[in-house]
Amino acid sequence: NAGVTQTPKFRVLKTGQSMTLLCAQDMNHEYMYWYRQDPGMGLRLIHYSVGEGTTAKGEVPDGYNVSRLKKQNFLLGLESAAPSQTSVYFCASSNGHRTLSYSNQPQHFGDGTRLSIL
Amino acid sequence: TQLLEQSPQFLSIQEGENLTVYCNSSSVFSSLQWYRQEPGEGPVLLVTVVTGGEVKKLKRLTFQFGDARKDSSLHITAAQTGDTGLYLCAGGPTKIIFGKGTRLHILP
């Protein structure tokens with residue numbers, strides 16, 4: 001009963017390097033989200049997806065790209081890492097029921113990826 | 001700009017005491033969620049409130065949605081050390097935003 005799994009759990013990068021964070025969910029959820037959590041800023045939405053093959057920008061999308069090629073996976077990419085992207089990244093999912101608007105809000109979170117950019 | 005204000009930011013109380021934390025906005029929300037987050041883990045959804053005036057109970061936790069759907073409160077009765085954590089509210093009329101949280105520490 002894994003729920004939402006994020007890999008890796010920790011990573012240190014140098015400025016300018018690239019990497020991909022992987023999120024996998026086994027609940028057959030339609031909606032998936034990427035958030036970053038910074039001290040004093042709360043959780044901020046980076047990108048989200050309402051279904052396989054779709055992505056949309058959130059509150060802080062600059063410097064990130066995402067892909068949802070398979071329903072169960074949502075990838076977050078950093079093409080050229082910057083120190084300002086040092087953060088804890090959380091993936092989340094929800095079932096996105098058509099008639100229940102609150103089901104579009106994140107319901108299950110992974111345990112996060114702690115990313116440091118030097 | 002839509003904001004969710006949570007208060008207090010920090011709260012430290014003795015085990016067995018009661019407490020209330022608040023989540024306020026100037027906007028009307030279609031729904032509001034409460035989460036608890038423990039160190040090193042992701043937020044865990046506790047409850048969703050949808051109807052103005054709605055009250056939901058989860059064991060010793062009581063959640064209330066304001067009549068005007070602009071505010072919510074979380075009341076904990078007889079707090080236990082296991083209640084320690086960061087409590088987040090989230091919601092929005094359309095786009096979902098998160099408050100910055102109330103960090104609760106229950107002393108044994």
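Report follows, based on the coordinates. (Residues numbered from 1 in each chain as written. Chains lettered and ligands numbered in written order. Predicted model: local features only at pLDDT ≥ 70, side-chain atom pairs only at ≥ 80, totals over all residues. Heavy atoms only, no water.)

Structural notes on the nonpolar core
- If you look at the biggest cluster of nonpolar residues, it comprises 22 residues, and the most contacted ones within it are Leu19(B), Leu32(B), Trp34(B), Phe63(B), Leu74(B) and Ile76(B).
- If you list the elements that add at least two residues to this core, you get strand S3 (19–24), strand S4 (32–37), strand S5 (44–49), strand S7 (61–65), strand S8 (71–76), strand S9 (85–91) and strand S11 (102–107) of chain B.
- Leu32(B) has contacts with Cys23(B), Val47(B), Thr48(B), Val49(B), Phe65(B), Ser72(B), Cys89(B), Ala90(B) and Gly91(B), leaving out every residue within four places of it along the chain.
- Grouped together as the second largest cluster of nonpolar side chains are 19 residues, Leu13(A), Ile46(A), Leu76(A) and Tyr89(A) included. (Core = buried A, V, L, I, M, F, W, Y, C linked by side-chain atoms within 4.5 Å. Buried < 20%, exposed > 50% of the residue type's maximum accessible area, 1.4 Å probe, protein only. Helix = DSSP H or I, 4+ residues; strand = E, 2+ residues; numbered from the N terminus. Contact = heavy atoms within 4.5 Å.)

A short note on the pairing of S7(B)
All names here are of chain B.
- Along S7, the buried face is formed by Leu61, Phe63 and Phe65; none of Thr62 and Gln64, which line the opposite face, is buried.
- Of the strand pairs in this sheet, strand S6 (residues 55–58) and S7 are connected by four bridges, and their pairing is antiparallel. Each residue of the ladder has a partner; that of Lys56, found in S7, is Phe63.
- Connecting S6 to the antiparallel partner S7 that follows it, the hairpin turn spans two residues, and Lys59 within it adopts a positive phi of roughly 55 degrees.
- Bridging between S7 and S8 involves five bridges; their strand directions are antiparallel. Counterpart to Leu61 in the pairing with S8 is Ile76. (Pairing = 2+ DSSP bridges.)

Concerning the pairing of S11(B)
All names here are of chain B.
- Side chains Thr102, Leu104 and Ile106 of S11 all project onto a buried face; the interleaved residues Arg103, His105 and Leu107 project onto a face where none is buried.
- Pairing of strand S2 (residues 10–14) with S11, which is carried by five bridges, proceeds in the parallel orientation. In the strand pairing of S11, Ile13 is matched with Ile106.
- Note that S9 and S11 share three bridges and pair antiparallel.

A word on the pattern of salt bridges
- Here the structure, examined in full by the defined rule, presents five salt bridges over all chains.
- Between Asp38(A) and Arg44(A) there is a salt bridge, with the nearest N and O atoms lying 2.9 Å from each other. Like Arg44(A), Asp38(A) is buried.
- The partner of Glu54(B) in a salt bridge is Lys56(B), and the shortest N-O contact between them spans 3.8 Å.
- For Lys56(B), a relative accessible area of 32% translates into the label partly exposed.
- A network of salt bridges, in which partner residues are shared, links Arg36(A), Asp38(A) and Arg44(A). (Salt bridge = Lys/Arg side-chain N within 4 Å of Asp/Glu carboxyl O.)

Some remarks on the state of the cysteines
- Following the criterion strictly, the structure yields two disulfides over all chains and no others.
- At a sulfur-sulfur separation of 1.9 Å, the disulfide partner of Cys23(A) is Cys91(A). Here the disulfide of Cys23(A) and Cys91(A) is left-handed, its torsion about the S-S bond being about -75 degrees. On the criterion of sequence distance, the pair formed by Cys23(A) in strand S3 (residues 19–25) and Cys91(A) in strand S9 (residues 87–94) is long-range, its members being 68 residues apart.
- Between the sulfur of Cys23(B) and that of Cys89(B) lies a disulfide, 2.0 Å long from S to S. (Disulfide = S-S within 2.5 Å.)

Quick notes on the environment of Tyr87(B)
Residue and element names in this part refer to chain B.
- Relative to the helices and strands, Tyr87 resides in strand S9.
- Overall, Tyr87 belongs to the buried group, its relative accessible area being 1%.
- For the pair Tyr87 and Ile13, spaced 74 residues apart in the sequence, the C-alpha separation amounts to 15 Å.
- Residues in contact with Tyr87, not counting those within four places in the same chain, are Gln6, Tyr35, Arg36, Leu46, Leu74, Ile76, Gly101, Thr102 and Leu104.
- Only 3.3 Å separates the side chain of Tyr87 from the side chain of Arg36, close enough to count as a polar contact. (Polar contact = N/O pair within 3.5 Å; in protein donor to acceptor, adjacent residues only side chain to side chain.)

A short note on the sheet that holds strand S1 (residues 5–7) of chain B
Residues and elements named next belong to chain B.
- Pairing within the open sheet is antiparallel, and its five strands lie in the order S1-S3-S8-S7-S6. The strands lining the two open edges of the sheet, one partner per strand, are S1 and S6. With strand direction ignored, the average angle separating the axes of adjacent strands in the sheet is 15 degrees.
- Here S1 pairs with S3 via three bridges, running antiparallel. Looking at S3, one finds that Gln6 is bridged to Cys23. (Axes fitted to C-alpha atoms, helices over the stretch in contact; angles between N-to-C directions.)

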